[in-house]
Amino acid sequence: MATIKTNTIVPVATGYIEVSRQYNNGDGTGRYITYTYRGSKDALRLASADWVAAGGKYQINEDGPYSTATVTFAGSQIDPNAPLSPVDPFQEEPTTRFEFRTEYIDASLFALPYVRAEAKRWVQTYASVNITEADYYAAIKLAGEDPKNNKLNSVTLNDITTPAEIFPVSQFPLAHQLVLRFSRGQDSFQTSRVSLTRVSSFSARNGLPATPPIISSIYTGEVLASRNGFPDSVKIMMPKPPADLNLTPDGTVWSWLKTNDSTSLIIKTNQVERNETWTFAAWDLFAYPLNP
């Protein structure tokens, strides 16, 4: 932060003069310059229209023999010696920072990789019965909701009932453990996922982002980084899909989905701050198209 001051007191022909300017650019929010003007209240009120038109924020103090105005301009394109000069806001280079965050969520017990593995093995064991993994999960939920015995029974498919020993404990122990947990109301566990946030600071000339599409696309890490110009330091930290295939349910792909795109006006610095967040998870291809 730097401040330039002048000792001039008598206003010039415009009716006001600049008495100081303060540069700020060290707090990670981008450059903004605060000017202090002194002059007659009429001259400062008249000049305020030009300050607003140029994207400035002002405050006038009319106490004392002369009025003072504090005007803040932000953005990389501002000419410190001519802050009212016209600029193209779309050509502005924002100040950007990145944040990785861990979000904790509740996930179904059926999402555990070793449970998925047992469900697939169960289907393969009784391939001739034409059962699916959905039948495995449904049988466990129904058994867990049974208030009398809370144990696995046979499975009925197309009016055909399978033998009761279709879930032998020796082959499918997890199914029986899941029944016990469902019977006492435990159907989820805490897990986590990673989100990447890009915070961009613009001058107040920039407004809200474009309206997002109704159905968002998902992106692989390589495509997301390439399209958004992420620096190498961010690319290195982006997580990769897990090697265990049981962590990727059928019809899903580990990818990035934009889960937030919002802006806010920072009154103090006269800047617009845009927050974009992408979340890494196994997103369903039925709901989200994969953008190559």
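Taking 1.5 Å of rise per residue, 13 residues should cover 18 Å, and helix α1 (residues 41–53) covers 19 Å from first to last C-alpha, within 8% of that figure. At Ala47, α1 shows its strongest bend, of approximately 25 degrees. For α1, every residue scored as buried is listed here: Ala43, Leu44, Ala47, Ser48 and Trp51. Its buried side turned inward, α1 meets β2 (16–24), β3 (32–39), β4 (57–61) and β5 (67–74). The first or second residue beyond α1 is Gly55, which carries a positive phi of 90 degrees.

Moving on, we get to the packing of aromatic side chains. A full pass over the atoms with the stated rule returns 19 aromatic pairs. Summarising the aromatic geometry, the rings of Tyr37 and Trp51 are spaced 5.3 Å apart at their centres and angled 10 degrees between planes, so their arrangement reads as stacked. Note that Tyr37 is positioned in strand β3 and Trp51 in helix α1, a separation of 14 residues in sequence. By the burial criterion, Tyr37 is buried, and Trp51 matches it. Connected via pairs of aromatic rings, a cluster forms that spans Phe110, Trp122, Tyr126, Tyr136, Tyr137, Phe167, Phe172 and Phe182.

Take the nonpolar core next. Val115, Trp122, Tyr136, Ile140, Phe167 and Leu178 are the most contacted members of the largest nonpolar core, which has 22 residues in total. Secondary-structure elements contributing two or more residues to this core are α2 (113–125), α3 (133–145) and α4 (173–183). In this structure, Tyr35, Tyr37, Ala69 and Val71 belong to the second largest nonpolar core, which totals 13 residues.

Below, the discussion takes up the confidence of the model for the chain. Across the chain, the average pLDDT comes to 83, with 84% of residues at 70 or higher. Considering only residues more than four positions removed or in separate chains, one finds that residues 6–11, a stretch of pLDDT under 50, has 13 contacts.

A word on the pattern of salt bridges. For the coordinates displayed, the defined rule picks out 12 salt bridges. With a shortest N-O distance of 3.3 Å, Glu103 and Arg193 are connected by a salt bridge. You can see Glu103 sitting in strand β6 (residues 95–108) and its partner Arg193 sitting in strand β9 (residues 188–203), a full 90 residues away along the chain. By relative accessible area, Glu103 is classed as partly exposed at 32%.

Spatially, β6-β9-β12-β11-β10-β13 is the arrangement adopted by the 6 strands of the open sheet, whose pairing is mixed. The sheet is open, and its two borders are formed by β6 and β13 (290–291), each paired with just one other strand.

Moving on, we get to the layout of surface pockets. Roughly 510 Å³ of volume is contained in the largest pocket. Along the wall of the largest pocket there are 20 residues; nearest its centre are Thr191, Ser192, Leu247, Trp254 and Ala282. Listed by contribution, the elements that provide at least two residues to the lining of the largest pocket are β6, α2, β9, β11 (252–266) and β12 (271–284). Ranked by the residues each element gives to the lining of the largest pocket, the list is headed by β9, at 5 residues. Here the lining of the largest pocket is composed, by residue class, of 14 nonpolar, 4 polar and 2 charged.

The rules behind the values
- Residues numbered from 1 in each chain as written.
- Predicted model: local features only at pLDDT ≥ 70, side-chain atom pairs only at ≥ 80, totals over all residues.
- Heavy atoms only, no water.
- Helix = DSSP H or I, 4+ residues; strand = E, 2+ residues; numbered from the N terminus.
- Expected span 1.5 Å × (residues − 1).
- Bend = angle between axes of the 7 residues up to and from the residue.
- Buried < 20%, exposed > 50% of the residue type's maximum accessible area, 1.4 Å probe, protein only.
- Contact = heavy atoms within 4.5 Å.
- Phe/Tyr/Trp six-rings, centres within 6.5 Å; stacked < 30°, edge-to-face > 60°.
- Core = buried A, V, L, I, M, F, W, Y, C linked by side-chain atoms within 4.5 Å.
- pLDDT = per-residue confidence, 0-100.
- Salt bridge = Lys/Arg side-chain N within 4 Å of Asp/Glu carboxyl O.
- Pairing = 2+ DSSP bridges.
- 1 Å grid on protein atoms, 1.4 Å probe; cavity = no way out; pocket = protein on both sides within 12 Å on 5 of 7 lines; lining within 4 Å.
- Points joined across faces, edges and corners; volume = space filled by probe spheres on them.
- Nonpolar A, V, L, I, M, F, W, Y, C, P; charged D, E, K, R; others polar.

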